[in-house]
Each structure stands twice: as structure tokens, then as C-alpha cells.
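What the coordinates show
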Amino acid sequence: MIRVLLADDQALIRAGFSALLNAEDDIEVVAEAANGEQAVALALEHRPDVALVDVQMPVMDGIEATRRIAADDRLIDVHVVILTNYGLDQYVFDALRAGAGGFLVKDTEPADLLQGVRIAARGDALLSPSITRRLISEYVAHRPEPSPAGLEVLTNREREVTALVARGMSNDEIAAHMVISPTTAKTHVSRAMTKLHARDRAQLVVLAYETGLVTPRSR
């Protein structure tokens, strides 16, 4: 059973999402929060598999709530998915840097929401990879020139794998591209994440863009 925490200051949105999720045999909403502070407290209390967190909430916003959840070793298995609207490029980018595993737009199709929750529960961030790459690319394009600092800890193989992750490839796709086994691809990804102190694949993507390993022009 996939256990979900909903955090949104709009009761109607929480009710709609909760009804949709609870209708599934393999998903259960275990708690609902109206602000970021409640979200952090309820995450500690219930230890959900997935936390769907709105960006803009009172008391504490979704980015700070995400940062606190991601920084707490007791919540290492909680996968945060940001709920957002189109056009919030910087918010999405900041949330990914804070430790979110991905994001979903609020007007997404019900089937896509359910699939996203299941993907997040498996730890297979990044959600909506094509949209996320575009948002990150557009935001990074307006940032100062990136620095390659930190990438020297990676082997050439790990750098290549990191670049492919940033382009939205799964482990199976990376394996096929590099002509290696999926297990080997997964090992390279895991080692790159460990060396770069990335919580998950989403943060690995952000680091790839920030360091200039992948650029908007090279997608």
C-alpha cells in the first residue's frame, strides 16, 4: 500500500485529490496538511511513502517544508512531489534543489496523477521529465555561467551517466545507450549520486545543469 500525505492550503483541492487517490486499491491518504509546518509534523508522525506538497502555503511554504523533510534522516524514505501551476519556473527549480523528487501540475489528468504517485513511491524521480527539463533549462539559461566544481569527483563513466540522467533517461535507456547492463547503469547512477551528495535523481539533474555538464543547448 502506498501511503500519501497531502499538503495544500485549499481544502477543495485536498478533498479532490484525496477522493481520487483513496479510490485506488494500492493508495491510501494517511494525512492532510493545510500548511508547510503541518506537513513536516505529519510527515514525522506518519512516515508516508509520498508527500504531495503545494508550493505556496501559509505559515511555511512548500519549498521550506520540502527542505526540512529532505534534511531529516528520519524521513529519508519520504518522496516529496511538488504540486504547482504552470509558470512557476523558479519555484519548481528551488523545490528540486531543496530535495523534491519531482513535481506535478495541479491540472494534470487523474491518470497522470496516479501514475506519478506510483512512480514517486518507487523512488523513480524525476516526474514529468520533459516538462521538468524545460523548466530547469529555461531557468538555468538566465543564471550566471555555471561552474564545473564538484564534477571532478566523478569518473568519466559517471559523468556520462549523469548527463544521460539529466536528459531524462531511465536506467534501462541508459543501459541501452551505453551498451551495459541495467544493473551496471544503476550502479553508476547510485555512485554519482553518492559522490555529489544528491538525495535522488531529481537533484542529480539540477546539479548537472548547475555545473554545466548539461546545458539547454545540449538537450
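Procedures and definitions
- Residues numbered from 1 in each chain as written.
- Predicted model: local features only at pLDDT ≥ 70, side-chain atom pairs only at ≥ 80, totals over all residues.
- Heavy atoms only, no water.
- Helix = DSSP H or I, 4+ residues; strand = E, 2+ residues; numbered from the N terminus.
- Buried < 20%, exposed > 50% of the residue type's maximum accessible area, 1.4 Å probe, protein only.
- Pairing = 2+ DSSP bridges.
- Core = buried A, V, L, I, M, F, W, Y, C linked by side-chain atoms within 4.5 Å.
- Contact = heavy atoms within 4.5 Å.
- Right-handed = clockwise from strand over helix to strand, strands pointing away.
- Salt bridge = Lys/Arg side-chain N within 4 Å of Asp/Glu carboxyl O.
- Axes fitted to C-alpha atoms, helices over the stretch in contact; angles between N-to-C directions.

With an unreviewed UniProt entry as reference, the protein chain is termed Response regulator transcription factor, source organism Nonomuraea montanisoli.

Turning next to unusual backbone geometry. With a phi close to 50 degrees, Arg47 is a non-glycine residue in the positive phi region. Looking at the element boundaries, Arg47 is found in the loop between helix H2 (36-46) and strand S3 (50-54). The partly exposed category is assigned to Arg47, whose relative accessible area is 41%. A positive phi angle is found at Val59, which is not glycine, with a value near 70 degrees. On the secondary structure map, Val59 appears in the loop between S3 and helix H3 (62-71).

Covered by surrounding structure in strand S5 (residues 102-105) are Gly102 and Leu104 together with Phe103 and Val105, the residues of both alternating faces. Pairing analysis gives four bridges linking strand S4 (residues 79-84) to S5, with the strands arranged parallel. By the bridge assignment for S5, Val81 is matched with Gly102.

This part covers the nonpolar core. Counting residues in each nonpolar core, the largest one holds 31 residues, and the members touching the most others are Val53, Ile69, Val80 and Ile82. Here this core takes five residues from helix H4 (residues 89-98), the largest share from any one element. For Ile69, the residues in contact, after removing those within four places along its chain, are Val40, Ala43, Leu75, Val78, Val80 and Arg199. Core analysis: the next-biggest nonpolar cluster, separate from the first, contains 22 residues, Leu164, Val189, Ala198 and Val214 among them.

Let us look at the pairing of S3. Across the five residues of S3, five count as buried, placing the element largely inside the fold. Side chains of S3 alternate between two faces, with Val50, Leu52 and Asp54 and Ala51 and Val53 buried alike. Looking at chain direction, S3 and S4 are connected through five bridges and run parallel. Bridge assignment links Val50 to a residue of S4, and that residue is His79. The parallel pair S3 and S4, bridged by H3, forms a crossover whose chirality is right-handed.

Further remarks concern the pattern of salt bridges. On inspection of all chains with the given rule, the structure shows 10 salt bridges. A salt bridge links Asp26 to Arg118, with the shortest nitrogen-to-oxygen separation between them at 2.8 Å. Taken together, the residues Asp26 in the loop between helix H1 (11-22) and strand S2 (27-33) and Arg118 in helix H5 (residues 110-121) connect sequence positions 92 residues apart. Assessed through its relative accessible area of 25%, Arg118 is described here as partly exposed. A salt bridge links Arg67 to Glu64; the nearest nitrogen and oxygen atoms lie 2.7 Å apart.

In this section: the sheet that holds S2. Taken together, five strands build an open sheet; the order of strands is S2-S1-S3-S4-S5 and the sheet is parallel. One side of each edge strand has no neighbouring strand; the edge strands of this open sheet are S2 and S5. On average, adjacent strands in this sheet sit at an angle of 25 degrees to one another, irrespective of strand direction. Where strand S1 (residues 2-7) lies against S2, six bridges are found, and the strand directions are parallel.

On to the environment of Ile82. Following the sequence through the fold, Ile82 ends up in strand S4. For Ile82, a relative accessible area of 1% puts it in the buried group. Spatially, the C-alpha atom of Ile82 lies 8.5 Å from that of Ile63, the residues being 19 residues apart in sequence. When near neighbours in sequence (up to four residues on either side) are disregarded, Ile82 contacts Val53, Val55, Gly62, Thr66, Ala95, Ala100, Gly102, Phe103 and Leu104.

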